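Understanding the architecture of this molecule
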Amino acid sequence: MTSSYRIADISFGRAEKTVNYSFQHRGSLFEVQRFGASYSIPYMIELIKMFRTQVDAISVTSLPHPTRLGNRTYFHPDVMKVLTIPTSVPLCDGATLREIAIISGLEALMASQ
């Protein structure tokens, strides 16, 4: 029996790019639904709070990157608001999710040839 996981991929980017996709990885099915926050941190936080009880994991993408000066790393305060929202499901970086989906797709393509 295959395990199935639902993931909400919440992007800081445009809302018009909302898409659904799925992929298999190591015998499990991952169903991903992407939602754009239209460059609004408050809306991104609202989406995370809305989906934290409906999915198995939440990924966040397109947030401003941390800045490194010398030996110190600085995060934008709004990014810290997003990353510290309490959830009962994992809150992770969506870039890794995309990498796994691409690798899984390539493996499936190679296996079919």
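Before reading further, recall that the structure is shown in the block above.
This write-up is about the structure you can find in this document.

Conventions used here
- Residues numbered from 1 in each chain as written.
- Predicted model: local features only at pLDDT ≥ 70, side-chain atom pairs only at ≥ 80, totals over all residues.
- Heavy atoms only, no water.
- Buried < 20%, exposed > 50% of the residue type's maximum accessible area, 1.4 Å probe, protein only.
- Helix = DSSP H or I, 4+ residues; strand = E, 2+ residues; numbered from the N terminus.
- Pairing = 2+ DSSP bridges.
- Core = buried A, V, L, I, M, F, W, Y, C linked by side-chain atoms within 4.5 Å.
- Contact = heavy atoms within 4.5 Å.

Here strand β4 (residues 57-61) lies mainly inside the structure; five of its five residues are buried. Taking every second residue as pointing to the same face, both faces of β4 are buried, with Ala-57, Ser-59 and Thr-61 on one and Ile-58 and Val-60 on the other. Bridge count between strand β1 (residues 3-11) and β4: five bridges; the pairing is parallel. The partner of Ile-7 across the bridge, within β4, is Ala-57. Where β4 meets strand β7 (residues 91-93), three bridges bridge the pair, whose relative direction is parallel. Bridge pairing in β7 links Val-60 to Asp-93.

On to the nonpolar core, then. Membership of the largest hydrophobic core comes to 19 residues, with the highest contact counts inside it found for Ile-10, Met-44, Ile-48, Phe-51, Leu-63 and Val-82. For this core, the secondary structure elements donating two or more residues are β1, α1 (41-51), β4 and α2 (77-83). Among the elements that take part in this core, α1 stands out by supplying six residues, more than any other. Leaving out residues up to four positions away in the same chain, Leu-63 has contacts with Phe-12, Ile-41, Met-44, Val-79, Val-82 and Leu-83. Core analysis: the second largest hydrophobic core is formed by seven residues, Ile-7, Phe-30, Val-32 and Ala-101 among them.

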